[in-house]
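The lines below spell out each chain.
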Amino acid sequence: MSSPKQPVLLRAERTLRETGVNADAPETSAPGFPATRMRRNRKQDWSRRLVGENRLACDDLIWPLFVIDGDNKRESVESMPGVDRLSIDLAVGAAKEAIDLGIPAIALFPNTDAGLRDDLASEAFNPENLICRAVRAIKSEAPGIGVICDVALDPYTSHGHDGLLVGDRIDNDSSLEVLVRQALVQVEAGTDIVAPSDMMDGRVGVIRSALEQAGHKDTQIMAYTAKYASAFYGPFRDAVGSSSNLKGDKRTYQMDPANGEEALREAELDIAEGADMIMVKPGMPYLDIVHRLRDAFAMPTFVYQVSGEYSMLSAAFDNGWLERDRAMMEVLTGFKRAGADGILTYFARDAAQYLAQQS
Ligand code: PBG
């Protein structure tokens, strides 16, 4: 194993002293100084660029979009300034914009009509549901973009939970059956990636085998692997209209924010069950998890900068408390540094536009 940093520096310091290079350095100086001055590489813009370790690119971005019924309809999400729910025709426009900006993929989330939500989430596996219609429209009019669909029942249940409620519990195994049907209609509509975000045990495996049996051998699964029971999903639940329905919380299926080791076990399972990509969610409070999963599994690892993270940054931007572009790029680059291969972010369009201006 490599020795800790300090002894290496002390050794170098001793060598420099012995060879006379650093002979004048006072005994009290920091190890390595002044032979080593970290600021030399930071002196000029060209040099900072040259030694830069991580760089955000448009290729790293996934843009989540909220879809509603209607025509040429755009509704703002109050708790997410700058984010709108879009009717399918406008979502197609957004997909084309994303292609022009070089964003590789979009993730679609429906705000299902209240009248279509029920205890069994039946609308989730209706092949004509909003999400399936959106996927078909985008795939036919903007075929160049990757489309990701969320697999979870919360936009379709009357109680706002991701699975089926039996008594006062979210029932794992009966939820799996519905999730499989939901994933199949999405894939048949043409989605490229299904992203189970429900956190039921075994869901990646049952979806993978159902896809295999139905001949969809090459559909990718992006597993919401380490999805925490977070306070930061609040604005998303407004956006998809599930917040007022939600009874209780999601702590019996989403992870405890205190746990890190458990994320490794979740990842092991998702990978064994056939996930092609794993994800950590939320982002900013969980950078250690991103880093650990990327290191441990060397899998394509994604991070979701969730609605609440967007909202808190946007609120600060709108108040003039934080500098928009700089703070946005700092946070997104931080995800890359932690090891993320890509980022789901409501800033995707803004970041892509910013990157385009820089080049
Ligand atoms: C659905 C789902 C949620 C998010 C993505 N998929 C909400 C939740 O689990 O309650 C949150 C995304 C965000 O906050 O931006 N299961």
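Residues numbered from 1 in each chain as written. Predicted model: local features only at pLDDT ≥ 70, side-chain atom pairs only at ≥ 80, totals over all residues. Heavy atoms only, no water.

Okay, the pairing of strand 8 (residues 193–196) next. Side-chain alternation along strand 8 places I193 and A195 on one buried face and V194 and P196 on a second face that is also buried. Pairing of strand 5 (residues 146–151) with strand 8 involves 4 bridges; the strand directions are parallel. Residue pairing in the sheet places D150 in a bridge with A195 of strand 8. Two elements, strand 8 and strand 9 (residues 220–227), share 2 bridges in a ladder whose sense is parallel. Opposite V194, over in strand 9, you have I221 as the bridge partner. Handedness of the crossover joining strand 8 and strand 9 through helix 6 (residues 203–213): right-handed. (Buried < 20%, exposed > 50% of the residue type's maximum accessible area, 1.4 Å probe, protein only. Helix = DSSP H or I, 4+ residues; strand = E, 2+ residues; numbered from the N terminus. Pairing = 2+ DSSP bridges. Right-handed = clockwise from strand over helix to strand, strands pointing away.)

Okay, the pattern of salt bridges next. Opposite charge on two side chains makes pairing possible when the charged atoms of those side chains draw close. Counted under the stated rule, the structure contains 20 salt bridges. With its nearest N and O atoms 3.2 Å apart, the salt bridge here joins D60 to K336. Separated by 276 residues along the polypeptide, D60 in the loop between helix 2 (45–51) and strand 1 (61–68) and K336 in helix 11 (residues 324–338) bring together distant segments of the chain. On the basis of relative accessibility, which here comes to 9%, the residue D60 falls in the buried class. For R203, the salt bridge identified is with D198, shortest N-O distance 3.4 Å. (Salt bridge = Lys/Arg side-chain N within 4 Å of Asp/Glu carboxyl O.)

It is worth spelling out a positive patch on the surface at this point. Side chains of R37, R39, R40, R42 and K43 sit close together on the surface and give a patch of like positive charge. If you trace the backbone, R40 turns up in the loop between helix 1 (5–19) and helix 2. (Patch = residues over 30% accessible without salt bridge, like charges linked within 9 Å, V, L, I, M, F, W, Y side chains within 5 Å. Areas by Shrake-Rupley, 256 points an atom, 1.4 Å probe, with all protein chains shown as cover. Lys, Arg positive; Asp, Glu negative; His and termini not counted. Charge placed at Lys NZ, Arg CZ, Asp CG, Glu CD.)

Turning our attention to the nonpolar core. One finds F66, I106, L108, I138, M222 and Y304 to be the most contacted residues of the largest nonpolar core, which totals 110 residues. Contact partners of F66, with chain neighbours within four places excluded, come to M80, V83, D84, R85, L86, F109, F236, A239, V240 and Y346. (Core = buried A, V, L, I, M, F, W, Y, C linked by side-chain atoms within 4.5 Å. Contact = heavy atoms within 4.5 Å.)

With that out of the way, let us pick up the environment of N41. Secondary-structure assignment places N41 in the loop between helix 1 and helix 2. In the structure, N41 is positioned 11 residues away from G52 in sequence and 9.9 Å away in space, judged by C-alpha atoms. With residues near it in sequence (within four places) discarded, N41 still touches S47, R48 and V51.

Working note: non-glycine residues mostly have negative phi, and peptide bonds are mostly trans. With an omega dihedral of 10 degrees, the bond running from F33 to P34 counts as a cis peptide bond. With respect to the element layout, P34 can be found in the loop between helix 1 and helix 2. Cis rather than trans, the peptide bond between K281 and P282 has omega equal to -5 degrees. As for its position among the elements, P282 is in the loop between strand 10 (277–281) and helix 9 (287–297). One non-glycine residue with positive phi stands out, namely N72, at about 50 degrees.

All right, on to the site of the ligand then. The full set close to the ligand counts 18 residues, and D162, K227, K281, S307 and Y346 are the nearest of them. Side-chain polar atom of D162 to a nitrogen atom of the ligand: 2.7 Å apart, as the coordinates give it. Relative to its free-state accessible area of 400 Å², the ligand is covered by the protein chains to the extent of 100%. When atom positions are compared with the pocket grids, the ligand is found to occupy the largest cavity. Taken together, the residues that form the shell around the ligand break down as 8 nonpolar, 3 polar and 7 charged. (Near = heavy atom within 4 Å. Polar contact = N/O pair within 3.5 Å; in protein donor to acceptor, adjacent residues only side chain to side chain. 1 Å grid on protein atoms, 1.4 Å probe; cavity = no way out; pocket = protein on both sides within 12 Å on 5 of 7 lines; lining within 4 Å. Sits in = over half its atoms within 2 Å of the grid points. Nonpolar A, V, L, I, M, F, W, Y, C, P; charged D, E, K, R; others polar.)

According to the domain assignment, the protein chain contains domain 1 (7–46) and domain 2 (60–358). For domain 1 and domain 2, the distance between their C-alpha centroids amounts to 48 Å. (Domains from an automatic or database assignment.)

Two elements in contact, helix 5 (residues 172–189) and helix 6, have axes separated by 9 Å at closest approach and are oriented at 45 degrees. Here helix 6 runs oblique to helix 5, going by the angle between their axes. Once helix 5 is placed against helix 6, the crossing between them reads as right-handed. Taking contact as the criterion, the partners of L176, L179, V180, A183, L184 and V187 in helix 5 are, on helix 6, R203, V206, I207, A210 and L211. Residues of the contact of helix 5 with helix 6, tallied by class, amount to 10 nonpolar, no polar and 1 charged. (Axes fitted to C-alpha atoms, helices over the stretch in contact; angles between N-to-C directions. Parallel < 35°, antiparallel > 145°, perpendicular 65-115°, else oblique. Left-handed = near helix turned anticlockwise from the far one by under 90°.)

Turning next to the pairing of strand 11 (residues 301–305). Burial runs high along strand 11: 5 of the 5 residues are buried. Where burial is concerned, the two faces of strand 11 agree: the one with T301, V303 and Q305 and the one with F302 and Y304 are both buried. With 3 bridges connecting them, strand 10 and strand 11 associate as parallel partners. Looking at the pairing, I278 lines up with T301 of strand 11. Pairing geometry for strand 11 and strand 12 (residues 342–345), over 4 bridges, is parallel. Among the inter-strand pairings, Y304 is bridged to a residue of strand 12, identified as L344.

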